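Now for the letters of each chain:
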Amino acid sequence: QVQLVGSGGGLVQAGGSLRLSCAASRSIFSINVMGWYRQAPGKQRELVAVIATGGRTNYADSVKGRFTISTDNAKNTVYLQMNSLKPEGTAVYYCNIAGYGFDYWGQGTQVTVSS
């Protein structure tokens, strides 16, 4: 089994920044994508950002220009730098690492943005 541990969430004022981190408990081979998803109260889980092993990234329109996804492949770790946070960014953020035949999820970390 592989466990993903997400951290870095917390309470921040609108306009502030947070950096989320998610590390796998052990090395994972054949990763296709690493990403972050979020689920706000009463809402469906949605894609925030993904990064392919080749470095290509994709962001939700709502976070483009403010969030940056990055990885440290040697550590099987994915990060999400969140700047200029808005109250609508309040959600539980989940990290994801997926490849052929596997799909791992973190436990979620709460991000609360106050106005």
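Summary of the structure given here.

Criteria and thresholds
- Numbering of residues starts from 1 in each chain and follows the order in which that chain's sequence is written.
- Two thresholds apply to this predicted model, a pLDDT of at least 70 for residue-level local features and 80 or more for giving and counting side-chain atom pairs, whereas whole-chain, interface and lining totals are computed over all residues.
- The basis for every side-chain value is the complete set of heavy atoms in the structure, and neither hydrogens nor water enter the calculation.
- Each Phe, Tyr or Trp ring, with Trp reduced to its six-membered ring, pairs with another whose centre is within 6.5 Å; inter-plane angles below 30 degrees give stacked pairs, above 60 give edge-to-face pairs, and intermediate values give tilted ones.
- Only protein chains enter the accessibility calculation, which uses a 1.4 Å probe; a residue whose area is less than 20% of its type maximum is buried, one above 50% is exposed, and one in between is partly exposed.
- Charges are assigned to positions over rings by a cutoff of 6 Å between ring centre and Lys NZ or Arg CZ, combined with an angular limit of 35 degrees from the ring normal.
- Note on conventions: DSSP H or I runs of at least 4 residues are helices, E runs of at least 2 residues are strands, and numbering of each starts at the N terminus.
- Contacts were defined at the residue level, with two residues in contact if any of their heavy atoms lie within 4.5 Å.
- By salt bridge we mean one thing: a side-chain nitrogen of Lys or Arg within 4 Å of a carboxyl oxygen of Asp or Glu.

A look at the packing of aromatic side chains
Consideration 1: The final tally for this structure, using the stated rule, is 2 aromatic pairs.
Consideration 2: Centre to centre, the rings of Phe102 and Tyr104 are 5.2 Å apart; their planes meet at 25°, and the pair counts as stacked.
Consideration 3: Owing to a relative accessible area of 15%, Phe102 belongs among the buried residues under this scheme.
Consideration 4: A cation over an aromatic ring shows up here: Arg45 above the ring of Tyr94, its NZ or CZ 3.8 Å from the ring centre.
Consideration 5: If you follow Arg45 out to its NZ or CZ, it ends over the ring of Trp105, 5.1 Å from the centre.

Comments concerning the environment of Leu80
Consideration 1: Secondary-structure assignment places Leu80 in strand 8 (residues 77–82).
Consideration 2: Since its relative accessible area comes to 0%, Leu80 is described here as buried.
Consideration 3: Apart from the residues lying within four places of it in its own chain, the contact partners of Leu80 are Leu18, Arg19, Leu20, Trp36, Val48, Ala49, Phe67, Thr68, Ile69 and Tyr93.

A word on the pattern of salt bridges
Consideration 1: Inspection of the entire model under this criterion finds 3 salt bridges.
Consideration 2: In this structure, the salt-bridge partner of Lys64 is Asp61, at a minimum N-O distance of 3.2 Å.
Consideration 3: Here Asp61 falls in the exposed class, since its relative accessible area comes to 65%.
Consideration 4: Across the salt bridge formed by Asp72 and Lys75, the nearest N and O atoms sit 4.0 Å from each other.

So far we have only geometry, and geometry alone does not tell us how the molecule works.
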